[in-house]
Amino acid sequence: MQDRIVLTAPALADTVSGFDPQDFDYLAEAELHHFWFVARRRLIVSLAAKYAPSARSFIEVGCGSGNVVKALAEARSWDRILATEIHPTGLGLARLRTPANVELLQADGRHLPFDSTFDLAGAFDVLEHVAEDEAVMAGINKVLSRGGIFIATVPQHPFLWGPADEVAHHERRYRKGELEGKLRSAGFDILFSTSYTAILLPLMILSRLVAKRSGSGEDIRAVARKEFEISGRLNDLLLRIVSMEVSLTERGMRWPAGGSRVVVARKTEGT
């Protein structure tokens, strides 16, 4: 146990394993207001309401500093809501922002200590950090009860690879159909799949090209953080754009390309 957090994978605690713990403080602040995080939270909560309206238990794998589990905790009443993270540093920040009913557990997503326990699971921009992403998907299938729902978000399009991916210790950006194929192999049926941040894709391509050209000789972490360090006025404008996109997605729009992808899957009967 560390700081009253139970450790189930102590050898990996706060190591540079899939993510550098020194970045948690910076991201925890950015997550509060940056348009990308705000829009993603809204989309996740909306999909949970649509595809798992009766879910009474939820597990988030790789909760970081807790910005999504906080939103889901406040969206409905849960019998049990649990957030796991490999890094106790992230869980310490999550404790400060999540309601008291959210349980926190240090755990390796490849070896989750549960079996048929939860109705709903989420991994939000986590799978790309793990070399053995299929092991995480199989583990999540195992912790879900019969017919349980899994919502996953990931970065997509390898051509968008840039300094932000390197600093975040990403293993990959997903190709079209890659996540869905791996989920099927792990025992899931796909209920919904779409790109998001689609309208801003041209801007993202431009941003990544500029970062690649200007990054030579500059600290790579500073280059990556430029995507978060935008003016309040620009952030508000981009938030209005992506909020409109989320509204269209909520009405059934599926976007063929975008900086990220979200997939909703259901545990296949018999797995």
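A brief report on the enclosed structure follows. (Residues numbered from 1 in each chain as written. Predicted model: local features only at pLDDT ≥ 70, side-chain atom pairs only at ≥ 80, totals over all residues. Heavy atoms only, no water.)

**Quick word on the sheet that holds strand β6 (residues 188–196)**
In a beta sheet, neighbouring strands pair by backbone hydrogen bonds and run either parallel or antiparallel.
Turning to step 1, where the next piece is worked out: Overall, mixed pairing links the seven strands, which are arranged β3-β2-β1-β4-β5-β7-β6 in an open sheet. Pairing within the sheet leaves two strands with one partner each, and these edge strands are β3 (102–106) and β6. Adjacent strand axes in the sheet meet at a mean angle of 15 degrees, parallel and antiparallel pairs treated alike.
Turning to step 2, where the next piece is worked out: As judged from the seven bridges shared by strand β5 (residues 144–155) and strand β7 (residues 260–267), these two strands associate in the antiparallel manner. (Pairing = 2+ DSSP bridges. Helix = DSSP H or I, 4+ residues; strand = E, 2+ residues; numbered from the N terminus. Axes fitted to C-alpha atoms, helices over the stretch in contact; angles between N-to-C directions.)

**Notes on the nonpolar core**
The nonpolar side chains of soluble globular proteins are, as a tendency, buried together.
Turning to step 1, where the next piece is worked out: The biggest cluster of nonpolar side chains holds 42 residues, and the ones touching the most others in it are F58, L120 and I151.
Turning to step 2, where the next piece is worked out: For this core, the element with the most residues is helix α2 (residues 35–51), which contributes eight residues.
Turning to step 3, where the next piece is worked out: In contact with L120, not counting residues within four places along its chain, are A48, A52, A55, S57, F58, I59, W78, L144, I149 and I151.
Turning to step 4, where the next piece is worked out: Counting residues in hydrophobic clusters, the runner-up holds 28 residues, among them V61, F114, F118 and V126. (Core = buried A, V, L, I, M, F, W, Y, C linked by side-chain atoms within 4.5 Å. Buried < 20%, exposed > 50% of the residue type's maximum accessible area, 1.4 Å probe, protein only. Contact = heavy atoms within 4.5 Å.)

**Points about the side chain of T194**
Turning to step 1, where the next piece is worked out: For T194, the location among the structural elements is in strand β6.
Turning to step 2, where the next piece is worked out: A polar side-chain atom of T194 sits 2.7 Å from the main-chain amide nitrogen of W255.
Turning to step 3, where the next piece is worked out: Those residues in contact with T194 that lie beyond four places of it in its chain are T249, M253, R254, W255, S260, R261 and V262. (Polar contact = N/O pair within 3.5 Å; in protein donor to acceptor, adjacent residues only side chain to side chain.)

**Let's talk about the pattern of salt bridges**
Turning to step 1, where the next piece is worked out: Enumeration according to the criterion identifies 19 salt bridges in this entry.
Turning to step 2, where the next piece is worked out: Among the salt bridges present, the one from R225 reaches D23, with a minimum N-O distance of 3.1 Å. Taken together, the residues R225 in helix α9 (residues 220–225) and D23 in the segment before α1 (24–33) connect sequence positions 202 residues apart.
Turning to step 3, where the next piece is worked out: Notably, a salt bridge pairs D165 with R208, separated by 2.9 Å at the nearest N-O pair. With D165 in helix α6 (residues 163–167) and R208 in helix α8 (residues 201–214), this pair connects stretches of sequence that are 43 residues apart. Comparing D165 with R208 shows no difference in burial state: the two are buried.
Turning to step 4, where the next piece is worked out: Residues joined in a network through salt bridges with shared partners are D20, D23, R221 and R225. (Salt bridge = Lys/Arg side-chain N within 4 Å of Asp/Glu carboxyl O.)

**A look at the environment of D189**
Turning to step 1, where the next piece is worked out: Relative to the assigned elements, D189 resides in strand β6.
Turning to step 2, where the next piece is worked out: Considered as a pair, D189 and A265 are 76 residues apart in the sequence and their alpha carbons are 5.4 Å apart.
Turning to step 3, where the next piece is worked out: Sequence-distant contacts of D189, that is, excluding residues within four places in its chain, are made with V264, A265, R266 and T268.
Turning to step 4, where the next piece is worked out: A polar contact of 3.4 Å, which involves the side chain of D189, links it to the side chain of T268.

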